[in-house]
Amino acid sequence: MTETDENMEYLIFSIMAIVATVCAILVISHRNPVVSALFLIATMVSLAILFLALNAPFLAAIQIIVYAGAIMVLFLFVIMLLNLRKDEFGPERRKAQRFFAVLFGFLFLILLATAIDVGLSSFGQREVAAESLSPAGVENLAQVLFTEFLFPFELASVLLLIAIVGAIVMAKRKL
Amino acid sequence: MNVEILKKTEKPETETMILNMGPHHPSTHGVLRVILELDGETIVKATPDIGFLHTGIEKTMENKTYNQVIPLTDRMDYVASLSNNLAYLLAVEKLLDIQAPPKAEFVRVILTELTRIASHLWWVGTHAHDIGAMTVLLYAVREREKLLDIFELVSGQRMMTSYFRIGGLAKDIPEEFEPKVREVLKTFPDKIEDYENLLTKNRIWLNRTVGVGTISAEDAIDLGVSGPVLRACGAEWDIRKSNPYSGYDEFAFDIPTGKNGDVYDRYLVRLEEMRQSLRIVNQALDGIPEGDFVERVPGVVLPPKEEVLSNIEALIFQFKLVVEGLSLHRITQR
Amino acid sequence: MFYVLKTIFWAIPRGLSVTFKYLLTKPITVRYPEKRLVLSDRYRGLHYLTRNEDGKEKCVCCGLCAAACPSGCIYMEPAENEFGERYAKVYEINELRCIFCGYCQEACPKEAIFLGKEYEFSNDRREKLIYNKEELLKNGQQM
Amino acid sequence: MVPLSSYLILSAVLFTIGVLGVLVRRNILIMFMSIELMLNAVNLALVAFSREFGAVDAQVFVFLVMTVAAAEAAVGLAIIICLFRNRKSVNVDDLNLMKW
Amino acid sequence: MGLEEHLGDGILFTTLEKAVNWARKSSVWPFGFGLACCAIEMICTFASRFDLARFGMEVTRASPRQADLMIVSGRVSTKMAPVVRQLYEQMPEPKWVIAMGACASTGGVFNNYAIVQGVDKIVPVDIYVPGCPPRPEQLIEGIIKLHKKIEKESLKKKREL
Amino acid sequence: MHDLILKKLKERFAESILEVAEFRKEPTIVVRKEYIIRICRFLKDDPEFSFNFLSDLCAVDWPERKPRFEVVYNLYSISKNHRVRLKVRVDDGESVPSVTSVWSTADWHEREAFDMFGIKFEGHPDLRRILMSEDWEGHPLRKDFPLTKEEVMFNYNKDRPPRIMK
Amino acid sequence: MIPFIIITLIKILVVFVVFLLMIAYLTWLERKLLGHFQVRLGPMRVGPHGLLQPFADGIKLLFKEELVPANVNRFIYNLAPILVFIPALIIMAVIPFGDRITILGQKVDLVISDFNMGILYVFAITSLGVYGLVLAGWSSNNKYSLLGGLRSSAQMISYEVSLALSLIGVLMIAGSLSLVEIVKAQDKFFNWFIFRQPLGFLLYLVCIIAEINRAPFDLPEAENELVAGYYTEYSSMKFAMFFLGEYGSMINAGALATTLFLGGWQGPFLPPVVWFLIKLCAFLFLYIWLRATLPRFRYDQLMNFGWKVLLPLALLNILITGVVILL
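These numbers come from a predicted model, not from an experiment.

K.L.:
What exactly am I supposed to notice about the sheet that holds strand β3 (residues 96-100) of chain E here?
P.N.:
The strands making up a sheet associate through backbone hydrogen bonding, with each pair oriented either parallel or antiparallel. All names here are of chain E. Taken in spatial order, the four strands make up an open sheet running β1-β2-β3-β4, and their pairing is parallel. Edge positions in the sheet fall to β1 (30-31) and β4 (127-129), since each has one partner strand and no second. Inspection of the sheet shows β3 paired to β4 by three bridges, in the parallel sense. Following the sheet pairing, I98 is matched in β4 by I127. Sheet strands touched by helix α5 (residues 136-152): β2 (69-73), β3 and β4. Its angle to β3, the strand with the most contacts, is close to 155 degrees.

Next comes the structure, spelled out in structure tokens:
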């Protein structure tokens, strides 16, 4: 890995981290659910770029195709279908509730950070595996997915099937 | 009927959407407003609102002479103006108890059948255009231009011809009339074939038209539907057969009918009617008799121009007819 | 099933072949401002008034054309000249009201008014489309 | 190379924002989106680990998480539509009955 | 209007004005709007034989937001008049109106209660095309006159009414 | 056929027939308006006549007559191919029984007659104006409604605003 | 490193400019061809044979008043055209339009980026393209727009599934996700995937037409039904951006088809780029031809067709391909 590449990764990481965080905050703070959904998409796209930087291009593509391309369209679709007016949102939480929520959120973040710190230090100084630098191609992933993790994979497909059936049963007014 | 549908849905559906289609909408051709109630992509209820093209023709006719009304009848159904002329004139002629000479009748038949073709062409074209096959409209209009040329040739106008007059025609047919009509007769069947190739068996067209807008024959009659739509419902009824006028009983032609009364049947009926019209035109064209083109009843039909210029009596007739309109005491005399 | 397949794999290519056939034929477009269609002899276009051989206008202001006109777009005021002959002091046609039915031409007992073949007279002002006698006579000279 | 800890901290931040979203908002759609955000944060951590240890197993988990997310979105949104149809509201506080 | 409001005066501006007027003239997109008899002749004008496409005009927009030219083809009834006016107002500047045929221009033969006596009572008309209905050539001639009018228009001046 | 119709009608509704006329072989029967639904139903249902097609329903204004309006029913039988014309007389402000229950097509025709002449139809499901807009005043096809709208513009009057005829 | 960046920038610039020009002339081509299909001439008077027509249209739209309807969410309303246009633009980044050539001693790949998962990239970007349409429809505050938006999103998502599945066969034979590798796998004429994957090609053709909203699947903007669909309320440059995006995705679809099924840039005698363009134009011609001929589907039929016909066929295609490869 050359130095420019390394710098490049730092650059990408910092930009994308900021974008993702800002967009994520906007997701939960914006009043209009459509705009929230849009910022969530932006967060997802920036995460996909981070996946690229993390040598996981397949996951990056899947992230965009599945998350941004399908799930979020579904979200938008539902928001549009309901076509909410302002008064249908109902009242938001009270100030005190919000304050405590933010406070506990902050505490939770500190907790997580401590956990990460403790966890990482317990690994100790370790040599980075050589093969980790080689791109985790589709072949590797497929190899693992269809041998070692075949059962969970099949289970996931069953789950999807059930989800489809469930969604149709619920959304359809009369069958 | 609309009221019934509303009652059937027990609680008012909040998920339906009211869509106001028209008065100006790309597929309302002319102006029609339909208030649609949509459930997703399905129309639950449609309430038409007409009158955006209400012209008050009847009111305007109130102070016109019988002759002056003819141009107004042109503008009632402007894609089939000659047929409208004929309907009005037949009424007036029945009122006056006069009969157009045979030559005029033959020309009237030829021209109204050509008008029928032009009108059906317009239907096929715009209908296909609404379903998305834009080219058919362009082809149909191209063929219609040939017919308009014939109308222009005989009358001097492409659409609003005012060519038929009380007692016959406005002018004699010109020499080029017959060859021009013959040419249309020769080329037109191929064009119908083109439409058939483009649409009739096309899967998408079938999907869009078969089983759509079905009307049963009883409903059609109850709702006062006539013409190709009624025939597509399966009722074999044609005014040209049941109450023949202008010598339609002398021509051999078939009445095409449909089975299901859906849009596809209407389409097929109209295509077949165009072929039958060609058949009628062919027979009529072969048999145009000699003779005058108008029944010169004094006081009803304008005297010939030469007489007006030379003869004082004709001049007086001309004045009386133009200023006062035709003399209705003829009716009481008989 | 066979019918359905036929409507897809046989009918659609046939439709395509029709459009392709016309792609290869020559367009029928008349390139209007450069080329014109030949009008019918009976074409009813812009009106014109005619004159005698000796240059007098034929119209005697009898009012038949105005009476015959379904849309009432002809207006005239009669007067007498020094020989005691009637003539139209004012003769106007509102070409925007006119529906070009040709009744005036049929009604005229003097062969004074005709509908010509001129059709290019659109304008951006309503008033300019009211043609007075001089303009109508000039139209006649151009014919 | 950007250290693992940076990715993990970012992941933790995003996760916390997701948690906050669920806590603060009452609009059920936005709460749902916050959950998706949390899942995404976890995915990021998993991918970062996957690179660190040079193993694709973690990526398989990401893959499965996405599948679950898709299923969840489908069912969850169907539930929301159902709820809205009956209650005319997407506010969680209005959804106080188990059956109606 | 669009960009031109932010521009200053000067030689550059007049050149620009010429270019823009050329563009506007060359791509007048009509509003797919037909009312009565004249609409049939209008469609004939769009069709193969006369082919308005030669002037770059076959792009009939169904939405007034994207149209430049409204061809009022046919009689406007009193019931339709508010609609016509509204559609006109929905069109973005610069916009032009052609009153096609006798009925749209003056009411024509239908001098009665139902018909608006000339569409210029509700929208400003740029070109009147006489005829009932006008031949396709007549309409094209009106459009060419409109092109000439567009060429002379100033970029800055807004149209009244 | 005409005679048969008349005979049968006289048998059944003797007291209802006011006037009978024939002109150019077209029979016209003027009936009392109270009987119109029964007569129409009879003519439609009788297998001998089966007037299943209401080809037109319109009104005529006779300003000098009393009662002022005539409502005209043009009946046609598609299966038997014969016609008859019925008329009822009604004065301004009175109403005619609606025949929508006999032929559905009468619905819009009656609305039109209402719109144009102001004749009310009793029992019509939805008697609104059909051609003119809802807020229009007057009934345009009555003979006392002004014929023309405004003066035609010529040079002598081109500058003054057009006189609206009212 | 530096020459690499410069070359890439030049490539991007050239592709960008050529792409925009192609979009402009695609509108001209469509109008002209439609004209001739309908035995008329098409644009004639703006420049020779109307060649300047696209520029006139562009300048006119640029100087047209921009109307924003009342009560719209301006942020989303303005964002939507951009979201349509950008994805159409950046797909071109992975399409190879020529072999490796040597210019001034530098080896240059005639592709902006030979991304080893090019095809996944294409899918990812196309799946983002739907947002523009949905948001445009939703934010316009117009029922026709809303219907157009809903239609387009449902249609694009449904057909994306079949589209992806129809390409699996190609990927299985080529054994790579890189577009350059896929082109190289079709080195001989009879190795073109159109011959090895005829069903896949047909499915791709149908799905991609639906995906780019062209006739006979142009329901989201069907003029006769929805006025102008999701862009009913847009005027001036925003409308132009929808237009550009739409025609851009047409070109993308053609380029992708060329790459995946028609052997990409490969062909005898002529330079590779020319071959690429010829094949691309053949595709564009096909789109216009179909538009000139076919009627439009109805919405429910479209959905049925996508899910009940195309999806099973695509799965069948994968099955057959798998069996053949195993044998």
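K.L.:
Help me understand the environment of G227 of chain B, please; the structure alone is not making it clear to me.
P.N.:
Along the chain, G227 of chain B turns up in the loop between α9 (217-222) and α10 (228-232). Taking C-alpha positions, G227 of chain B is 25 Å from A133 of chain B, a pair spaced 94 residues apart along the chain.

K.L.:
Is there a simple way to think about the side chain of S166 of chain G in this case?
P.N.:
All names here are of chain G. You can see S166 is positioned in helix α5 (residues 143-174). At 2.7 Å, the side chain of S166 forms a polar contact with the backbone oxygen of L163. Apart from the residues lying within four places of it in its own chain, the contact partners of S166 are G200, L203, Y204, A314 and N317.

K.L.:
Would you explain the state of the cysteines in this entry?
P.N.:
Here, the word disulfide means a covalent bond between the sulfur atoms of two cysteines. All names here are of chain C. Tallied over the entire structure, the rule returns zero disulfides over all chains. For C73, which is in no disulfide, the shortest distance to another cysteine sulfur is to C69 and amounts to 3.7 Å. For C104, which is in no disulfide, the shortest distance to another cysteine sulfur is to C101 and amounts to 6.4 Å. On the basis of relative accessible area, C104 is assigned to the buried category, the value being 6%.

K.L.:
So what exactly am I meant to see when it comes to the interface of chain D and chain A here?
P.N.:
The figure often quoted for interface size is the accessible area lost as the parts come together. The interface is formed by 73 residues belonging to chain D together with 84 residues belonging to chain A. Interface area, chain D with chain A, both sides summed: about 7,100 Å², of which 77% is carbon and sulfur. At the junction of chain D and chain A, the tally comes to one residue pair in polar contact (both at pLDDT 80 or more). Taken together, the elements giving at least two residues each to the side of chain D that touches chain A come down to α1 (4-24), α2 (28-53) and α3 (57-87) of chain D. Broken down by element, the residue count for the side of chain D that touches chain A peaks at 24 residues, all from α3 of chain D. The residue makeup of the side of chain D that touches chain A, split by class, is 51 nonpolar, 13 polar and nine charged.

K.L.:
How should the confidence of the model for chain G be read in this particular structure?
P.N.:
Where the model shows low pLDDT, its predicted coordinates should not be examined in detail. Mean pLDDT over chain G: 83, with 98% of residues reaching 70 or higher. Summarising per-element confidence for chain G, the mean pLDDT is lowest in helix α9 (residues 223-226) of chain G (70) and highest in helix α8 (residues 198-211) of chain G (88).

K.L.:
Help me understand the confidence of the model for chain A, please; the structure alone is not making it clear to me.
P.N.:
When pLDDT is averaged along chain A, the result is 78, and 81% of the positions lie at 70 or above. A low-confidence stretch, residues 130-135 of chain A (pLDDT under 50), is modelled with seven contacts involving residues beyond four sequence positions or located in other chains.

Rules used in this analysis
- Residues numbered from 1 in each chain as written.
- Chains lettered and ligands numbered in written order.
- Predicted model: local features only at pLDDT ≥ 70, side-chain atom pairs only at ≥ 80, totals over all residues.
- Heavy atoms only, no water.
- Pairing = 2+ DSSP bridges.
- Helix = DSSP H or I, 4+ residues; strand = E, 2+ residues; numbered from the N terminus.
- Contact = heavy atoms within 4.5 Å.
- Axes fitted to C-alpha atoms, helices over the stretch in contact; angles between N-to-C directions.
- Polar contact = N/O pair within 3.5 Å; in protein donor to acceptor, adjacent residues only side chain to side chain.
- Disulfide = S-S within 2.5 Å.
- Buried < 20%, exposed > 50% of the residue type's maximum accessible area, 1.4 Å probe, protein only.
- Buried area = accessible area lost by both parts, 1.4 Å probe.
- Nonpolar A, V, L, I, M, F, W, Y, C, P; charged D, E, K, R; others polar.
- pLDDT = per-residue confidence, 0-100.

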